[in-house]
Amino acid sequence: MTDEKSNLFYQSRQPRPFLDRAEGIYMFDETGKRYIDGSSGAMVSNIGHSNPNVLAAMKAQMDKSTFGYRLHFRTESSEKLAQKVATLMPGDLDRVFFVSGGSEAVESAVKLARQFAITQGEPERWKVISRFPSYHGCTFGALALTGYDPLVHPFAPMLRDMPKIAAPTCYLDKDNLTDEQRGLKYAELLRDEIIAQGPESVLAFLMEPIGGASTGALVAPDSYYARIQEICDEFGILLIYDEVMTGVGRTGKFIAADHWGIVPDIVAMSKGFAAGYAPLGAVVARESIVEALLDAGGFLHGFTYAGNPLACSAGLAVMEEMERLDLISNCAAMGEILKVKLTALMDRYPFIGDVRGKGLLLAFELVSDRDTMTPLPKAYNAYLELVERAYERGLIIYSRRTRGGVEGDHILVCPPLIVTEEQIDEIMAILIDSLDAFAEQFDLQVKAS
Ligand code: PLP
């Protein structure tokens, strides 16, 4: 296609080439240029592109039916997918409500929590405490729970303000605490906030178990997770995990909660769920929550496309491919290798201040001083510039600003879970070339390796 004015618009005017085809971890534009999908799109394409088994399953579903409204029919693909998810989730997280994306999943999780409180005779519970920074979606409800200033601020007067506590910023804390103490210190912020808000008014606590794009894969100290669950239990507050980015294998476990043996009350998932083959997300809740709602007359919520059989056939085939190829184990193994290689970059580039994450949800943060973790000057727009240097060289990576979205730059390196060690080397070679070009652009020190 030619470069005529487009009728389409998204966030900005940034020009991008037409995508021609994609296969595995590679994507090709219309000129034939090859890109490595080093961020799985937006941490979506977990099993890689154009997987033939997923395409065949979708085609088989298409040949049968592409839509059956859930109030008129049950469909085999949605039933089977829900069953599969229930077997993979911990504890009694057995009931699944399908949606089409992450924001919808978060909204649905919160509405489910609210209606559950009403069934329990606690209608005064409505406040959802979340964290800053965080990202939970762009719809009004999810935005009110998001801590990312540039995205929230313009809409703030239209939102119902919800309480926020600081998310653990372990790498920035220059204190004398042990990791365990620091985790507990951050968890206590939740207890303090619940008491300040009035425990009887607090409905739920919403958190990303590993920070996504808003923090750049920030993992809290281990002690944080169990203490948060204890605090929620103490006050009868529902614990909602936003696993939209971390779920379905991305961190080396089926959901990130599994790293700490946590069973949240409600989990929101999307992105890797149908891995980009169809728009799909889910809310998974404890049996007791769902049964209470159904006994009380049902869930007052639903989207037209919820449980769409074509999307569910894609989701089911993705789950089957993940099992057949043992992709969660590959993710854990390749994640270790990639993290070691990213960490080694700190020797060459003093402007890399921190490397973090789990599985293949990995990121590094750019700084002008590693000891003080002072960010690079805002005006550099380093998070955008480095992504462009890599894009020019055929590597797609993802970036955002760490400190509330206003400054601090991080880069997420999150290839599909099918990535091999040789492909990690390919990614690293282009990344190093891109970091060299970026350093030259801003006159940043590079040490000979
Ligand atoms: N929650 C988290 C943790 C996310 O990372 C995202 C998207 O990046 C969302 C929610 C919103 O998902 P979507 O963009 O599919 O609405």
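Residues numbered from 1 in each chain as written. Predicted model: local features only at pLDDT ≥ 70, side-chain atom pairs only at ≥ 80, totals over all residues. Heavy atoms only, no water.

Caption draft 1: Representation of the pairing of strand E8 (residues 238–242). Burial runs high along E8: five of the five residues are buried. On E8, burial covers both faces: Leu238, Ile240 and Asp242 on one face and Leu239 and Tyr241 on the other are all buried. Relative to E8, strand E7 (residues 202–207) is paired through four bridges, and the arrangement is parallel. The partner of alanine 204 across the bridge, within E8, is leucine 238. Direction of pairing for E8 relative to strand E9 (residues 266–269): parallel, over a ladder of three bridges. Across the sheet, isoleucine 240 pairs through a bridge with isoleucine 266, a residue of E9. (Buried < 20%, exposed > 50% of the residue type's maximum accessible area, 1.4 Å probe, protein only. Helix = DSSP H or I, 4+ residues; strand = E, 2+ residues; numbered from the N terminus. Pairing = 2+ DSSP bridges.)

Caption draft 2: Region of the structure containing the domain arrangement of the chain. With domains assigned, the chain is organised as domain 1 (19–50 + 326–441) and domain 2 (53–324). Using only C-alpha atoms to locate each centre, domain 1 and domain 2 end up separated by 25 Å. Taken together, the contact pairs 41 residues of domain 1 with 41 residues of domain 2. For the pair domain 1 and domain 2, the two sides together bury roughly 3,000 Å², of which 64% comes from carbon and sulfur. Of all residues in domain 1, Ile47, Lys358 and Leu361 bury the most surface against domain 2, accounting for 22% of the area lost on that side. At the boundary of domain 1 and domain 2, one finds zero salt bridges. Taken together, the connections running from domain 1 to domain 2 amount to 21 residue pairs in polar contact (both at pLDDT 80 or more). Contributing elements (two or more residues each) for the side of domain 1 that touches domain 2: helix H1 (40–43), helix H11 (327–348), strand E11 (352–358), strand E12 (361–369), strand E15 (398–403) and strand E16 (407–413). (Domains from an automatic or database assignment. Contact = heavy atoms within 4.5 Å. Buried area = accessible area lost by both parts, 1.4 Å probe. Salt bridge = Lys/Arg side-chain N within 4 Å of Asp/Glu carboxyl O. Polar contact = N/O pair within 3.5 Å; in protein donor to acceptor, adjacent residues only side chain to side chain.)

Caption draft 3: The sheet that holds strand E14 (residues 395–396), seen in detail. The strand order E1-E2-E3-E14 describes an open sheet built from four strands, whose pairing is mixed. In this open sheet, the two edge strands, each paired with only one partner strand, are strand E1 (19–23) and E14. With four bridges joining them, E1 and strand E2 (residues 26–29) adopt antiparallel strand pairing. The partner of glutamate 23 across the bridge, within E2, is tyrosine 26. Against the sheet, helix H13 (residues 421–442) engages E2, strand E3 (34–37) and E14, with an angle of about 110° to E3. (Axes fitted to C-alpha atoms, helices over the stretch in contact; angles between N-to-C directions.)

Caption draft 4: The arrangement of the environment of proline 133 in detail. Looking at the secondary structure, you find proline 133 in the loop between strand E5 (127–132) and helix H5 (140–144). Assessed through its relative accessible area of 9%, proline 133 is described here as buried. It is 6.3 Å that separates the C-alpha atoms of proline 133 and alanine 167, two residues lying 34 residues apart in sequence.

Caption draft 5: Just the side chain of histidine 301, in detail. Positionally, histidine 301 belongs in the loop between helix H9 (287–295) and helix H10 (309–324). A polar contact is formed between the side chain of histidine 301 and the side chain of serine 108, at a distance of 2.7 Å. Among the polar contacts listed, one links the side chain of histidine 301 to the side chain of lysine 111, at a separation of 3.1 Å. Setting aside chain neighbours within four positions, we find histidine 301 in contact with Phe97, Ser108 and Lys111.

Caption draft 6: Focus on the sheet that holds strand E4 (residues 93–99). In spatial order, the strands read E4-E10-E9-E8-E7-E5-E6; together these seven strands make up an open sheet with mixed pairing. A strand with exactly one partner marks an edge of an open sheet, and here the two such strands are E4 and strand E6 (164–166). Averaged over all neighbouring strand pairs, the angle between strand axes comes to 25°, with direction disregarded. Helix-sheet contacts for helix H3 (residues 76–88) involve E4, E9 and strand E10 (281–286), and the interaxial angle to E4 is about 135°.

Caption draft 7: Representation of the side chain of arginine 286 in the model. Relative to the helices and strands, arginine 286 resides in strand E10. Here the side chain of arginine 286 touches aspartate 265 through a polar contact of 3.0 Å, side chain to side chain. With near-sequence residues (within four places) excluded, arginine 286 lies in contact with Asp92, Leu93, Val263, Pro264 and Asp265.

Caption draft 8: Layout of the site of the ligand. Surrounding the ligand, one finds Gly101, Gly102, Ser103, Tyr135, His136, Gly137, Glu208, Asp242, Val244, Met245 and Lys271. Glycine 102 is positioned such that a nitrogen or oxygen atom in its backbone is 2.8 Å from an oxygen atom of the ligand. Interatomic distance of 2.7 Å between a side-chain N/O atom of aspartate 242 and a nitrogen atom of the ligand. Relative to its free-state accessible area of 390 Å², the ligand is covered by the protein chains to the extent of 81%. (Near = heavy atom within 4 Å. Areas by Shrake-Rupley, 256 points an atom, 1.4 Å probe, with all protein chains shown as cover.)

Caption draft 9: Spotlight on the environment of isoleucine 25. Its location among the elements puts isoleucine 25 in the loop between E1 and E2. Between the alpha carbons of isoleucine 25 and proline 416 there is a distance of 6.3 Å; along the sequence they are 391 residues apart. Look past the residues within four positions of isoleucine 25 in its chain and what remains in contact with it is Tyr35, Ile36, Asp37, Pro416, Ile418, Val419 and Gln423.

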